[in-house]
Amino acid sequence: MADDKDVLRDVWFGRIPTCFTLNQDEVTEREAEPYYLLLPRVSYLTLVTDKVKKHFLKVMKAEDVEEMWFEYEGTPLKWHYPIGVLFDLHASNTVLPWSITVHFKNFPDRDLLHCPSSSIVEAHFMSSIKEADALKHKSQVVNDMQKKDHKQLYRELGLNWYRSADKFDQFWAMNRKLMEYSTEDGGFRYIPFRIYQTMSDRPFIQKLFRPVSPDGNVHTLGDLLKEMDPTALPNDGVVFNIFPPVCLRRSFMSLTLSLCFSLLSSLFRRVSRPR
Amino acid sequence: MGSWKSHVRAKLQQRDQMSQLEERFEIRKQILDDVQSKSIGRSGVDVGKNTRLLQLQLRESEHLAEKLSQTVSDLTTVLYLKEAELQYWQSRVSHCRQEALTLAKGSNTLKATVSQLEFTAECQSKELAALRAEQKGLKQTLAQAWTEKEELLQRWMEEKREEAVRLNKYNAAQERWQHWAKQLKRHRHRDMAKEDIPIATSSWSGTTQTSPSVTQRINNTAVIQQGHSDHNHDSAAAKV
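For clarity, every value in this text was computed on a predicted model and none was experimentally measured.

S.K.: Give me the overall build of chain A: which residues, what numbers.
M.R.: Along the backbone of chain A there are ten helices and nine strands. A buried classification covers 55% of the 275 residues belonging to chain A. For chain A, contacts bridging at least 24 residues in sequence account for 71% of all contacts bridging at least 6. A total of about 13,000 Å² of accessible surface is found on chain A, and carbon and sulfur atoms cover 48% of it.

Shown next, in the form of structure tokens:
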């Protein structure tokens, strides 16, 4: 794990330059200037957009303000998806900065979950942690953690966008426990992953997948992609908007590229590839 | 193990590189400075913020248009090249198609020849099989004939052996008889010599008389000699 710290850091400090623009249909007292922000990939929109909200509320009347939600080129952005996944799904081929439109009315109930407070985000985050740990360690690690440890995990994630190196160390001080396994076990019980698809009705694929085959061979990313979608080409898998080598062993990827949500989020990109 | 990490790190750095954004920022800054300096230089009065913004947007649009036209020009060049390449490959494809057709025709002809030869070979193999069967039959017949010939030869040899034995026996008997005949003759002559004296004695009477016993012996001897000579004659005739 110490050797992988460089990769962990690069993943942790991944940022997306974003330009938030208020929707033209919103009623404002004066023209709203766009708001620019570097969004951390490994966080959630509702956690890191307080300043955006404050900026636009300055030009709006209180009575016109409902729950804030975001949209990109007509597609509502799901706050419960990591920011990096949202960008890779919708906007990876566009020119930076990523232009997101901010709305304060007409919340799309059919497309988005409501997020009235940050406790909802925390609950979602902890749910992901527990889900991943159930797959990896039969929930033993997360059940052994105390509530303050859970809080610390979530807090470091939420404060991540301050780009403080300390947050990285403090986060990993907790997350490390979730990423360890004994040598007797030989690895996680199952690899927690989720494959988001750009060209499918199903939002993502999530199935049980062991890190080692029955005959003792360690599985690679290519093996996973092949099993989940036999028609996928070898280089269709995108993780954090990069094309990792398909020979990469799943357990190492899971260790280094899984972060706060402990779920390895992969993306199937079929038609277009970022060049 | 290290190779995947360096690959991933390189890709992450490439992904997070914001060089394009920085480039655009630099261009904007340059244009803004340019516009600001021009606007102050013209009238000596600081032109309004909106005007500067408009000028900035105009300059940026001009710059983008220039970049786009350059891109269009590059793309057009690439397009021409690709079209030429496409035409070349299309001609290659049609050439290969012609070649494929020719080869297909040749292949069909060869297949027909092969099937014909196969048919001929089959007929010949059937013919060969029939000839071999016939040969086998003939060999069997020949073997049988040889066997019969051997048997006949054996029988003939056996018969000849028996005949030789018989002949030897006969010859032995003949010799014995001849020996006896000689002896008898000798006796006869002796007897005749002895009887001559009585004949000579009776000749004084003028007749010659042979004793009846002597006559009988002479007749018997003559008959036996005659019989043996006839037998010898028959045997010699059979040998021939």
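After that view of the structure, there is still more to cover.
S.K.: Explain a nonpolar patch on the surface to me, and be specific about the residues and the numbers.
M.R.: There is a patch of nonpolar side chains on the surface, built from Leu153(B), Trp156(B) and Met157(B) and spanning about 300 Å² of accessible area. Its place among the elements puts Trp156(B) in helix α3 (residues 49–202).

S.K.: Help me get a handle on the confidence of the model for chain B, residues and values and all.
M.R.: Residues and elements named next belong to chain B. Here chain B averages 81 in pLDDT, and 75% of its residues register 70 or above. Mean pLDDT in chain B bottoms out at helix α4 (residues 212–239), which sits at 53, and peaks at α3, which reaches 91. The model gives residues 204–208 a pLDDT under 50, and that stretch makes two contacts with residues more than four places away or in other chains. Listed scores for the predicted complex are pTM 0.57 and ipTM 0.75.

S.K.: Describe the sheet that holds strand β3 (residues 69–72) of chain A, with residues and values.
M.R.: Residue and element names in this part refer to chain A. Taken in spatial order, the five strands of this open sheet run β2-β1-β5-β3-β4, and their pairing is mixed. Each edge of the open sheet carries a strand with a single partner, namely β2 (35–40) and β4 (75–76). The pairing of strand β1 (residues 15–22) with strand β5 (residues 98–103) spans five bridges and is classified as parallel. Across the sheet, Phe 20 pairs through a bridge with Ile 100, a residue of β5.

S.K.: So what's going on with the packing of aromatic side chains? Residues and values would help.
M.R.: Scanning the entire structure with this criterion turns up nine aromatic pairs over all chains. Seen from their ring centres, Tyr81(A) and Tyr196(A) are 4.9 Å apart, and the 65 degrees between their planes marks the pair as edge-to-face. Here Tyr81(A) is found in the loop between β4 and α4 (83–90), whereas its partner Tyr196(A) is found in strand β6 (residues 193–197), with 115 residues between them in sequence. Exposure class is identical for Tyr81(A) and Tyr196(A). Each is buried. Ring centres of Tyr88(B) and Trp89(B) lie 5.1 Å apart, and the angle between their planes is 65 degrees; this geometry places the pair in the edge-to-face category. Using a relative accessible area of 43% as the deciding quantity, one classes Tyr88(B) as partly exposed. Assessed through its relative accessible area of 43%, Trp89(B) is described here as partly exposed. Here the aromatic cluster, defined as three or more aromatic residues joined through ring pairs, consists of Tyr72(A), Phe87(A) and Trp98(A). The residue whose ring lies beneath Lys136(A) is Phe188(A), and the NZ or CZ to ring-centre distance is 5.2 Å.

S.K.: Break down the UniProt feature "coiled-coil region" (unreviewed entry) in chain B for me, citing the residues and quoting the values.
M.R.: As recorded in UniProt, the feature "coiled-coil region" (unreviewed entry) lies at residues 114–141 of chain B. Between the end C-alpha atoms of residues 114–141 of chain B there is a gap of 40 Å, over a span that is 100% helix and 0% strand.

S.K.: Break down unusual backbone geometry for me, with residues and values.
M.R.: All names here are of chain A. The residue after Leu 96, namely Pro 97, is reached through a cis peptide bond having omega -5 degrees. Its place among the elements puts Pro 97 in the loop between α4 and β5. Of note, the phi angle at Asn 106 is positive, near 55 degrees, even though the residue is not glycine. By the secondary structure assignment, Asn 106 is in the loop between β5 and α5 (118–137).

Scoring rules and cut-offs
- Residues numbered from 1 in each chain as written.
- Chains lettered and ligands numbered in written order.
- Predicted model: local features only at pLDDT ≥ 70, side-chain atom pairs only at ≥ 80, totals over all residues.
- Heavy atoms only, no water.
- Helix = DSSP H or I, 4+ residues; strand = E, 2+ residues; numbered from the N terminus.
- Buried < 20%, exposed > 50% of the residue type's maximum accessible area, 1.4 Å probe, protein only.
- Contact = heavy atoms within 4.5 Å.
- Areas by Shrake-Rupley, 256 points an atom, 1.4 Å probe, with all protein chains shown as cover.
- Patch = residues over 30% accessible without salt bridge, like charges linked within 9 Å, V, L, I, M, F, W, Y side chains within 5 Å.
- Salt bridge = Lys/Arg side-chain N within 4 Å of Asp/Glu carboxyl O.
- pLDDT = per-residue confidence, 0-100.
- Pairing = 2+ DSSP bridges.
- Phe/Tyr/Trp six-rings, centres within 6.5 Å; stacked < 30°, edge-to-face > 60°.
- Lys NZ or Arg CZ within 6 Å of the ring centre and 35° of its normal.
- UniProt positions renumbered as here; feature names shortened; annotations may be inferred.

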